[in-house]
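Structural characterization, general
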Number of protein chains: 2
Amino acid sequence: MQQIWLFLLSVLCLCLVFFCSAEEGLEFPNFDGKDRVLDINERNYKKALKRYDLLCLFYHEPVPANKGLQKRFQMTELVLELTAQVLENKDIAKKLGITKSFSHYYNASAVYIGLEEVGSLYVFKDDRVIEFDGELSSDTLVEFLLDVLEDPVEMINNAMELRAFERMEEDIRLIGYFKGEDSHYKAFQEASERFQPYIKFFATFDKSVAKHLSLKMNEVNFYEPFMEEPVILPGRPLSEMDIVEFVNQHRRATLRKLRAENMFETWEDDMDGIHIVAFAEEEDPDGYEFLEILKDVARDNTNNPELSIVWIDPDDFPLLTTYWEKTFKLDLFRPQIGVVNVTDADSVWLDMSNDEDLPTAEELEDWIEDVLSGRVNTEDDDESADNQENPDDYVTEDTDESHDPDDDDDDYSDD
Amino acid sequence: MQQIWLFLLSVLCLCLVFFCSAEEGLEFPNFDGKDRVLDINERNYKKALKRYDLLCLFYHEPVPANKGLQKRFQMTELVLELTAQVLENKDIAKKLGITKSFSHYYNASAVYIGLEEVGSLYVFKDDRVIEFDGELSSDTLVEFLLDVLEDPVEMINNAMELRAFERMEEDIRLIGYFKGEDSHYKAFQEASERFQPYIKFFATFDKSVAKHLSLKMNEVNFYEPFMEEPVILPGRPLSEMDIVEFVNQHRRATLRKLRAENMFETWEDDMDGIHIVAFAEEEDPDGYEFLEILKDVARDNTNNPELSIVWIDPDDFPLLTTYWEKTFKLDLFRPQIGVVNVTDADSVWLDMSNDEDLPTAEELEDWIEDVLSGRVNTEDDDESADNQENPDDYVTEDTDESHDPDDDDDDYSDD
C-alpha cells in the first residue's frame, strides 16, 4: 500500500515538475509517450503516399547496436514523435503523415520515388519530393511542414500586403502580375511548386499593386535578398521552364542569410570548395553596422556571379556558437568575416581587432577581391597554423603569408 | 567476424546519418554521451557553489518509476547535458557549473540558499539566486546562461551604440549618466544585478551621449517597451533601493512581448487572474498592422496601471501554436485579441472575422475598457460554451452575453 502511495506521489510531483506553472494557457508540449510515427516498408509505402496530401519520411539506417548511437537515434525519433503530436489536430492530421523507414526495407522503391540520401528527411507533396535540409529539431520541422502545407503562391491584393512584401528584404522573392488564373498564372504557379518553401512566390491581379511595383501584364520580377531593385525576367508571357531556369541561375544570392530551415543546403552550395562567411549579430551595435556595410558591398557587386557571402547571425544558432568559435578560432561577440574551406573547415579571417573602426565598404571590397583572386586563401598559412601550440585559443589565424607582398596588407594582417 | 563488420558498418552509417553534410564547418551538436552534469547533494553543494562563478542547478523530484515520466525526465537531463557540452570550452567551463539535485537531498539547505520550487532551474551568481522561468530547451538555456555571464550594465560610448540602444524597442531598458565609476554608478550597478538578465541596464559616462538622451548627471531614465519617451526616475542621485523599487513598480509594461526565456514568469504575472492576450505574427501583413495599432493603444494608455497586454508572436513558438489554437479555439493565421482566465484557460476573443478591416485603435480601446470594467469577461458565456457540441472546432467562443445590453456590440460579437 505504501508503495502505491509513493508511486502516486512521485507521479504527481513529476507532473508538477513538467507543468511548472500552476496556471493554465501556457503548457509547453512534452512527448506524451504515444507512438504516432508510422514505420514505412515495402508493403505499405504506396498506401501511405496515397492517403496523405503530405508525407514526411525520415529515411534512415537500421538502429545500431552501440548505446551512444542508439541514444542519438532515439533523440531523432523523439523529434519526429513530438512533431507528429504537436501537429495532431483534425485539420492537419488528415493531410499530413509522419513516417520513418529503414533504408533496408526501402531500397527497391527508393530510387523510384526519389530518395537519395540515407539520414535525410523527405516530404512528398503531389508528385514532388522536397528534401528537408535544415536543423532536425521539432520547432524547425513544425514550421517547415506548415509552410509546405500552404499555397505556394501568395496573393498581394492591397497596400497593406504590399508593404509586408516590401519588408521581406532577407528573402528571395518573385512576384508576377496576371490578369487572373489563366495559363500564364498557372505556369507561374507550377514553377513555384518546385521551390516551395525555400523561395517565395507572390502574384497580383490588382492593377494598382502592379503599378506601384512597375509590373507590366504577365511580367515577373525577381528580388534578390537585400537588393532594392528587382531584376525583370526576360520575355513575357513566361513558361514554367523559363521561370525555373531563371531561378536556378540566380538563386545563389550575393548576400544570403543562413537559416535553420535550410542551413545544410546553403552550406553545401559552396563556391569551388569555399564559403565567404560573415558573422554579425543584428542586435549588437557593431554587428548591425557591419551588416549595413555588407549590404552596401552586396548591392555594389550584385552582378558578380562569383560572389556570395553567407551571413550568419550567431543569435539564431546558440548551440553552434561555441562550435564555430572553436573551429574557426574566433570571438563571435564581435563581427567577423573570413574564408572557410568546406573540405577541412580551415579558415582565414579579416583582422578587425582594432576596436575603433569597422572596415569601410571599399576596404571590404578590396579584401573580397583578394579572396576571389586567391591572394587571400586558407592554404598559405597552414604551416604557421600547424606550428601553433594551442590551436584552441581564440586568436585569428595568422594570415600574413596569404597576401600578395605588393599589396598594402596593413589593413587585414594581424601582425 | 561478420558481426563486427556489421557493427562497424552500422556505426559508420549512423555517423553519416547524424552528420548529414559531408562538408565541414556546420556540424550540429548532438549529445556525445559523456556525462557532464554534476549531481549535487548535502555533501558537495557548498564546494560547488564556491568553485563556479555561476552555478546552474535543476532542482527536481527523485526519478519516477513510471516509464512515460522517466522518458520526460531523461529529455530534461539531455537538455542539461547538451547545454553543458555546448558550453564546454576553456573560458566558460571554468566559470560555469551545470548541476542537478534531487529535492530529497536538498531539503535542509534549500531554504537557506533560496530554492523554492521543485522542478525549477536556478542560477547562483555571487550572492544572488536567479530563477530561470523559460522554455527548458538547450538553445534557450544556452542563451540565458551566456547573458547571465555578461556584465549586468552595458556601456554606451558612441553614436553607433546609441543607435543600437534606440532600436531595442521591445525591451525594458534603464540608462543612467554618471561621471565615472563612482558610488552613484555603483548603486546603479548593484540594482542592475537584481534584474539580470531580464531587464537591461545601460550607462554612459559620455557627455554627448547624455545630451542626445537629455540625461542630466546622475539621472536615470526608464524606457517601457514600445514607448518613445522615457520616464525619469524621481530624485538624483539614486540609491540602489530607489532604483529597485521603481523597477519593481513599473516592470509590468502596458504592452509586453512573450519570450521563450521568461515565458512562465510573464504568464504567472497575471492581472487578478486574467491576461489580455494579443496574437500577432510580425511577418504577416495583418499581424504587422495589428501590432502597430496595439502599440498606439499602449502609448495612449501607458499611465493606466491596470492595463497590460501580452503580445505573442506565434512564429516564436511553433510548438505551442496548435496547443493555443485548440485551447482557445482560434485561428492563429490571423491576428487575435482576447481575455484569458489563467485558472481554467477559459477565454473570450474580439471578433475580427470581417476580413476587410482590423479594428481601429479607438475600437480596441473601447473593447479594452469593457474588459477592464468586467463587461467583457470569460464567465458569462460559459453556458453557451458548454452547449457546444464540438468544442475543438476553430470557432471564436460566443461572447454575446458578456456585453452590456446597452452597448453597441456589433463590433465584436460574432452573431
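Residues numbered from 1 in each chain as written. Chains lettered and ligands numbered in written order. Predicted model: local features only at pLDDT ≥ 70, side-chain atom pairs only at ≥ 80, totals over all residues. Heavy atoms only, no water.

1. Observations regarding the sheet that holds strand 10 (residues 231–232) of chain B
Residue and element names in this part refer to chain B. Note the threshold: Strand pairing is assigned whenever DSSP detects at least two bridges linking the two strands. Going along the chain from the N terminus, every DSSP run of H or I of four or more residues is numbered as a helix, and every run of E of two or more is numbered as a strand. When checking whether two residues touch, look at their non-hydrogen atoms; a contact exists if any pair is within 4.5 Å. Axis definition: a line fitted to C-alpha atoms, over the contacting stretch in the case of helices. Angles run 0 to 180 degrees between N-to-C directions.
Read from one edge of the open sheet, five strands run 6-8-7-9-10, paired in mixed fashion. Here the strands that pair on one side only, and so sit at the sheet edges, are strand 6 (153–155) and strand 10. In this sheet, strand 8 (residues 200–204) lies alongside strand 6 in parallel orientation, the contact comprising three bridges. Paired with Glu154 across the bridge in strand 8 is Phe202. Here helix 7 (residues 159–167) sits on the sheet and contacts strand 6, strand 7 (173–177), strand 8 and strand 9 (220–223); the angle it forms with strand 7, its principal contact strand, is near 145 degrees. Here helix 8 (residues 183–193) sits on the sheet and contacts strand 6, strand 7, strand 8 and strand 9; the angle it forms with strand 8, its principal contact strand, is near 165 degrees.

2. Comments concerning the interface of chain A and chain B
By a widely used convention, the size of an interface equals the accessible area lost when the partners come together. In plain terms, the rule: The term buried area means the drop in 1.4 Å probe accessible area that two parts suffer when joined, counted for both and summed. The term salt bridge refers to a pairing of a side-chain nitrogen on Lys or Arg with a carboxyl oxygen on Asp or Glu at a separation within 4 Å.
Of the residues lining the interface, 86 residues belong to chain A; the matching set on chain B comes to 87 residues. Note on chain A versus chain B: buried area summed over both sides is about 7900 Å², and carbon and sulfur give 66% of it. A per-residue breakdown of the area chain A buries against chain B is headed by A:Leu26, A:Phe28 and A:Leu319, which together make up 11% of the total. There are two salt bridges connecting chain A and chain B. Linking A:Glu289 and B:Arg163 is a salt bridge whose minimum nitrogen-to-oxygen distance equals 3.0 Å. At the level of secondary structure, the elements contributing two or more residues to the side of chain A that touches chain B comprise helix 1 (2–18), helix 3 (67–86), helix 4 (90–95), helix 6 (138–149), helix 7 (159–167), helix 11 (263–268), helix 12 (285–300) and helix 13 (318–328) of chain A.

3. Re the domain arrangement of chain A
Residue and element names in this part refer to chain A. Note the cut-off: An automatic or database domain assignment supplies the start and end points of every domain. We call two N or O atoms a polar contact when they sit within 3.5 Å, provided that within protein one can donate a hydrogen and the other can accept it, with sequence-adjacent residues counted only if both atoms are side-chain atoms.
You can read the domains of chain A as domain 1 (2–149), domain 2 (153–250) and domain 3 (255–413). Facing the nine residues of domain 1 at the interface are five residues of domain 2. Three residues, Arg128, Phe144 and Asp147, lead the burial of domain 1 against domain 2; their summed loss comes to 59% of the area buried on that side. On inspection of domain 1 and its partner domain 2, the count reaches zero salt bridges. In this assembly, domain 1 and domain 2 are joined by six residue pairs in polar contact (both at pLDDT 80 or more). Where the side of domain 1 that touches domain 2 is concerned, the elements lending two or more residues are strand 5 (128–132) and helix 6.

4. Focus on the pairing of strand 4 (residues 120–125) of chain B
Residue and element names in this part refer to chain B. Where we set the bar: A 1.4 Å probe rolled over the protein chains alone gives each residue an accessible area, and that area as a share of the maximum for its type sets the label: buried under 20%, exposed over 50%, partly exposed in between.
Of all the six residues making up strand 4, six are buried; the element is thus mostly covered by neighbouring parts of the structure. Judged by which residues are buried, strand 4 turns out to be covered on both faces: Ser120, Tyr122 and Phe124 on one side and Leu121, Val123 and Lys125 on the other are all buried. Two strands pair when backbone bridges link them, and strand 4 and strand 5 (residues 128–132) are joined in this way by five bridges, in the antiparallel orientation. Within strand 5, the residue paired with Phe124 across the bridge is Val129.

5. Section: the relation of the copies chain A and chain B
Note the cut-off: Least squares is used to superpose the copies, and the fit set is the C-alpha atoms of residues whose pLDDT is at least 70 in both copies.
Its rotation angle being 180 degrees, the transformation that places chain A on chain B also includes 0.0 Å of axial translation and leaves an RMSD of 0.0 Å. This pairing of chains is accounted for by a two-fold axis. The C-alpha atom lying nearest the rotation axis in chain A is that of A:Met75; the distance is 4.3 Å. Most of the interface of chain A is mirrored in chain B, where 100% of its interface residues again form contacts.

6. Quick word on helix 7 of chain B
Along helix 7 of chain B, the residues classified as buried are B:Met160, B:Glu161, B:Leu162, B:Ala164 and B:Phe165. Where helix 7 of chain B is buried, its residues touch helix 12 of chain A together with strand 6, strand 7, strand 8, helix 9 (207–212) and strand 9 of chain B.

7. Considering the nonpolar core
Where we set the bar: Among the buried residues, those of types Ala, Val, Leu, Ile, Met, Phe, Trp, Tyr and Cys that are joined through side-chain atoms within 4.5 Å form a nonpolar core.
A:Phe279, A:Trp324, B:Val123 and B:Leu145 are the most contacted members of the largest nonpolar core, which totals 47 residues. The leading source of residues in this core is helix 3 (residues 67–86) of chain B, at six residues. Sequence-distant contacts of B:Leu145, that is, excluding residues within four places in its chain, are made with B:Leu54, B:Cys56, B:Thr83, B:Leu87, B:Leu96, B:Ile98 and B:Val123. Grouped together as the second largest cluster of nonpolar side chains are 46 residues, A:Ala84, A:Leu87, A:Val123 and A:Val142 included.

8. Some words on the packing of aromatic side chains
Cut-off, in case you're wondering: Any two rings among Phe, Tyr and Trp, with Trp reduced to its six-membered ring, count as a pair given centres within 6.5 Å; such a pair is stacked if its planes are under 30 degrees apart, edge-to-face if over 60, and tilted if neither. In this analysis the charged atom, NZ for Lys or CZ for Arg, is taken to sit over a ring once it is within 6 Å of the ring centre and within 35 degrees of the ring normal.
Under the defined criterion, the tally for this structure stands at 32 aromatic pairs over all chains. Taken together, the aromatic side chains of A:Phe178, A:Tyr185, A:Phe188, A:Phe195, A:Phe201 and A:Phe205 make up a single cluster linked through ring pairs. Above the ring of B:Tyr288, the side-chain terminus of A:Arg167 is found at 3.2 Å from the ring centroid. Seen from the ring of B:Phe165, B:Arg173 lies directly overhead, with NZ or CZ sitting 4.9 Å from the centre.

9. Quick look at the side chain of B:Gln196
Residue and element names in this part refer to chain B. Structurally, Gln196 is set in the loop between helix 8 and strand 8. Relative accessible area serves as the criterion here: at 5%, Gln196 is assigned to the buried category. At a separation of 3.2 Å, a polar atom in the side chain of Gln196 contacts the side chain of Lys125. For Gln196, the side chain forms a polar contact with the main-chain oxygen of Val148, separated by 3.2 Å. Excluding residues that lie within four positions of it along the chain, Gln196 makes contacts with Lys125, Arg128, Ile130, Asp147, Val148, Glu150, Asp151 and Pro152.

10. Here we look at helix 8 of chain B
Note: α-helices contain 3.6 residues per turn, so residues at a spacing of three or four share the same orientation. Residue and element names in this part refer to chain B. Inclusion rule: Our arc is simply the arc of the directions from the helix axis toward the C-beta atoms.
Considered for burial, the residues of helix 8 that qualify are Tyr185, Ala187, Phe188, Ala191 and Ser192. An end-on view of helix 8 places all buried positions within 160 degrees of arc, on one side of the element. The inward-facing, buried residues of helix 8 abut strand 6, strand 7, strand 8, strand 9 and helix 10 (240–250). The opening residue of helix 8 is Asp182, an N-cap whose side-chain oxygen sits 3.2 Å from the backbone nitrogen of His184.

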